[in-house]
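Residues per chain are reported as follows:
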Amino acid sequence: MHINPDHYLETKRGRLWTVKRNTAAWQQCFADLDHALIHHSKNSDVYILIGCQASGKSTWAKQHLLKHPDDIVFDAILVKKSEREPILKLAKKYHKVCIAVCFQTPLKICLQRNQQRPQDQIVNENALTNVYKALEMPTDKEGFNQIIIINA
């Protein structure tokens, strides 16, 4: 299962972001995660993707799920430990293996990829840069069973 708040911001006219819609999207993601943790295979692992916008997270998620369709992939920027904590807590409640996948794509590449996105998906350059600078590297002390670093 691919869980991404952006999926809930899509409309027939493209992605539409408002504070209210974003809050609802995140609430739906946690409901989806809870449902997936209850109903997915006992052998499914939880992958938590970490990195700024346009770092390659969603592409990685799609490729991973083609090979491992029973896994659960939570695909969002999640650069702060505090943002990852509720996901880890919920996954651990169901005794799931939690794997961090941290994307260390150079800022220059992220900015270039961002400009190649459809107009409604382009992130403000300052916002993207701020997210990039805010990255707190994941640690096993957070509760991850494994940490994978992707250097793109």
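Relevant structure appears above.
Keep in mind it's a predicted model, so treat the numbers as computed, not measured.

Colleague: I'd love a proper account of the environment of Pro138, names of residues and values included.
Modeller: Here Pro138 lies in the loop between helix H5 (125–133) and strand E7 (146–150). Between the C-alpha atom of Pro138 and that of Arg84, which follows or precedes it by 54 residues, the distance is 9.0 Å.

Colleague: Go over the pattern of salt bridges with me, naming the residues and quoting the values.
Modeller: Within this structure, the stated rule accounts for four salt bridges. With a shortest N-O distance of 2.9 Å, Arg84 and Glu142 are connected by a salt bridge. A residue pair is termed long-range when its members are at least 10 positions apart, and Arg84 in helix H3 (residues 81–93) and Glu142 in the loop between H5 and E7 qualify at 58 residues. The class of Arg84 is buried, set by a relative accessible area of 0%. Sharing partners across several salt bridges, the network here consists of Asp6, Glu10 and Arg15.

Colleague: Outline the environment of Leu9, supporting the account with residue identities and numerical values.
Modeller: Positionally, Leu9 belongs in the loop between strand E1 (2–3) and strand E2 (10–11). On the basis of relative accessible area, Leu9 is assigned to the buried category, the value being 1%. Residues Leu9 and Gln146 lie 137 residues apart in sequence; the distance between their C-alpha atoms is 30 Å. If we skip the residues at most four places from it in the chain, Leu9 touches Gly14, Arg15, Leu16, Trp17, Arg21, Asn22 and Ala25.

Colleague: Give a detailed account of the pairing of strand E4 (residues 46–50), specifying residues and quantitative values.
Modeller: The buried fraction of E4 is high, at five of five residues. Two strands pair when backbone bridges link them, and E4 and strand E5 (residues 72–75) are joined in this way by four bridges, in the parallel orientation. What sits directly across from Leu49, in E5, is Asp75. Note that the unit made of E4, helix H2 (residues 57–67) and E5 has a crossover that is right-handed. In terms of strand pairing, E4 meets strand E6 (residues 98–103) through five bridges, oriented parallel. Counted as the bridge partner of Leu49 is Val101 from E6.

Colleague: Provide a residue-level description of unusual backbone geometry, including the pertinent values.
Modeller: Backbone geometry at Leu78 places phi at a positive 40 degrees, although glycine is not the residue there. Within the fold, Leu78 resides in the loop between E5 and H3. In this structure Leu78 comes out as buried when scored by relative accessible area, which is 2%. Positive phi is not limited to glycine here, since His95 has a value of about 60 degrees. Inspection of the secondary structure puts His95 in the loop between H3 and E6.

Colleague: Quick rundown of the packing of aromatic side chains? Include the residues and the values.
Modeller: Within the structure shown, the criterion is met by five aromatic pairs. Here the aromatic rings of Trp26 and Phe30 are separated by 6.3 Å at their centres, their planes lie at 35 degrees, and the arrangement is tilted. Residue Trp26 and its partner Phe30 are located together in helix H1 (residues 19–39), separated by four residues, close to a single helical turn. According to the relative accessible area criterion, Trp26 is partly exposed, its value standing at 24%. Exposure remark for Phe30: the relative accessible area of 24% places this residue in the partly exposed category.

Colleague: Describe in detail the nonpolar core, supporting the description with residues and values.
Modeller: Among the nonpolar cores identified, the biggest contains 20 residues, and Leu33, Leu37, Val46, Ile48, Ile72, Phe74 and Phe144 are the most heavily contacted of them. If you list the elements that add at least two residues to this core, you get H1, E4, E5, H3 and E6. Residue contacts for Ile72: discarding those within four places in its chain leaves Met1, Ile3, Leu33, Ala36, Leu37, His40, Ser44, Asp45, Val46 and Tyr47. Grouped together as the second largest cluster of nonpolar side chains are nine residues, Leu49, Leu65, Val73 and Phe103 included.

Conventions used here
Residues numbered from 1 in each chain as written. Predicted model: local features only at pLDDT ≥ 70, side-chain atom pairs only at ≥ 80, totals over all residues. Heavy atoms only, no water. Helix = DSSP H or I, 4+ residues; strand = E, 2+ residues; numbered from the N terminus. Salt bridge = Lys/Arg side-chain N within 4 Å of Asp/Glu carboxyl O. Buried < 20%, exposed > 50% of the residue type's maximum accessible area, 1.4 Å probe, protein only. Contact = heavy atoms within 4.5 Å. Pairing = 2+ DSSP bridges. Right-handed = clockwise from strand over helix to strand, strands pointing away. Phe/Tyr/Trp six-rings, centres within 6.5 Å; stacked < 30°, edge-to-face > 60°. Core = buried A, V, L, I, M, F, W, Y, C linked by side-chain atoms within 4.5 Å.

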